[in-house]
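Architecture and fold: a report
So the chains spell out like this:
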Amino acid sequence: MNYRYQCRIRAIDLWLLSMYHTYHSMVGVCNLVFGVSMIALTLRFWDQAGDVMQAALLLLCLVIPVLQPVCVYLAARARAAAAPQGADLTFMEDGIHVEFNGRRELIRWAQVRRVTKAPNMVILLIGAGSGYMLTNRVLGKDKKRFYEDVRAHVAAEEKRA
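First, a word on what this report is: a plain description of the structure on this page.

Analysis parameters
Residues numbered from 1 in each chain as written. Predicted model: local features only at pLDDT ≥ 70, side-chain atom pairs only at ≥ 80, totals over all residues. Heavy atoms only, no water. Helix = DSSP H or I, 4+ residues; strand = E, 2+ residues; numbered from the N terminus. Salt bridge = Lys/Arg side-chain N within 4 Å of Asp/Glu carboxyl O. Buried < 20%, exposed > 50% of the residue type's maximum accessible area, 1.4 Å probe, protein only. Patch = residues over 30% accessible without salt bridge, like charges linked within 9 Å, V, L, I, M, F, W, Y side chains within 5 Å. Areas by Shrake-Rupley, 256 points an atom, 1.4 Å probe, with all protein chains shown as cover. Phe/Tyr/Trp six-rings, centres within 6.5 Å; stacked < 30°, edge-to-face > 60°.

Turning to unusual backbone geometry, a few remarks are in order. Phi is positive for Asn101, close to 50 degrees, though the residue is something other than glycine. Mapping Asn101 onto the fold places it in the loop between β3 (95-100) and β4 (103-107).

Rendered as structure tokens:
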């Protein structure tokens, strides 16, 4: 096993991950119920409502499909700007060799807590709140094979522990 990638996180990558997790959770179900309910209320009471109430109903209809994704993107943009960029990751039999700003570190497979595959990326969780995101853009056509190899190494270490 020998893979080499440069880790670069863009705001859109964080936004996609946040939206994926939101809509695959109870929050996403509540968002969908709220959005459909607001559209139904707006359609039902539009003719009876005054101008101010129509504006409020229209604004509430835009909260879930427009305002929430925009706010999530703005937060993702701030997180991406604060995230360290350009770490070179080399995945080998003994672990993950990380080179960043002239410093080198070896992360043994036993230190990798979990490997997760999202629709647009593979995420390696190393510690509490730390890890690496490798997007489809970075992984290219190797995504499936890379994910299976990394998962096999992590599973082998879990069996040893």
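This is not the end of the story, as more comes after the structure.
A few words now on the pattern of salt bridges. In the structure shown here, the tally under the stated rule is 7 salt bridges. A salt bridge links Arg10 to Asp13, with the nearest nitrogen and oxygen atoms 3.6 Å apart. Its relative accessible area of 3% is what places Asp13 among the buried residues. Arg145 is the salt-bridge partner of Asp142, the closest N and O atoms lying 3.2 Å from each other. Residues joined by salt bridges that share partners form a network here, namely Arg10, Asp13 and Arg137.

Moving on to a nonpolar patch on the surface. A cluster of nonpolar residues, Ile12, Leu16, Trp46, Leu58, Leu59, Leu62, Val66, Leu67, Val70, Tyr73 and Leu74, forms a patch on the protein surface that exposes about 880 Å² of accessible area. It is helix α3 (residues 51-82) that contributes the most residues to the nonpolar patch, 8 residues altogether. Mapped onto the elements of the fold, Leu58 is located in helix α3.

Going through the model one piece at a time under the given rule, you end up with 6 aromatic pairs. Taking the centre distance of 5.4 Å and the plane angle of 85 degrees together, the rings of Tyr5 and Phe146 count as edge-to-face. Here the residue Tyr5 occupies a position in strand β1 (residues 3-7), and Phe146 occupies one in helix α5 (residues 143-160), the gap between them amounting to 141 residues. Of the two residues, Tyr5 and Phe146, neither departs from the other in class, the shared state being buried. An aromatic cluster is present here, built from Tyr3, Tyr5, Phe91, Trp109 and Phe146 joined pairwise through their rings.

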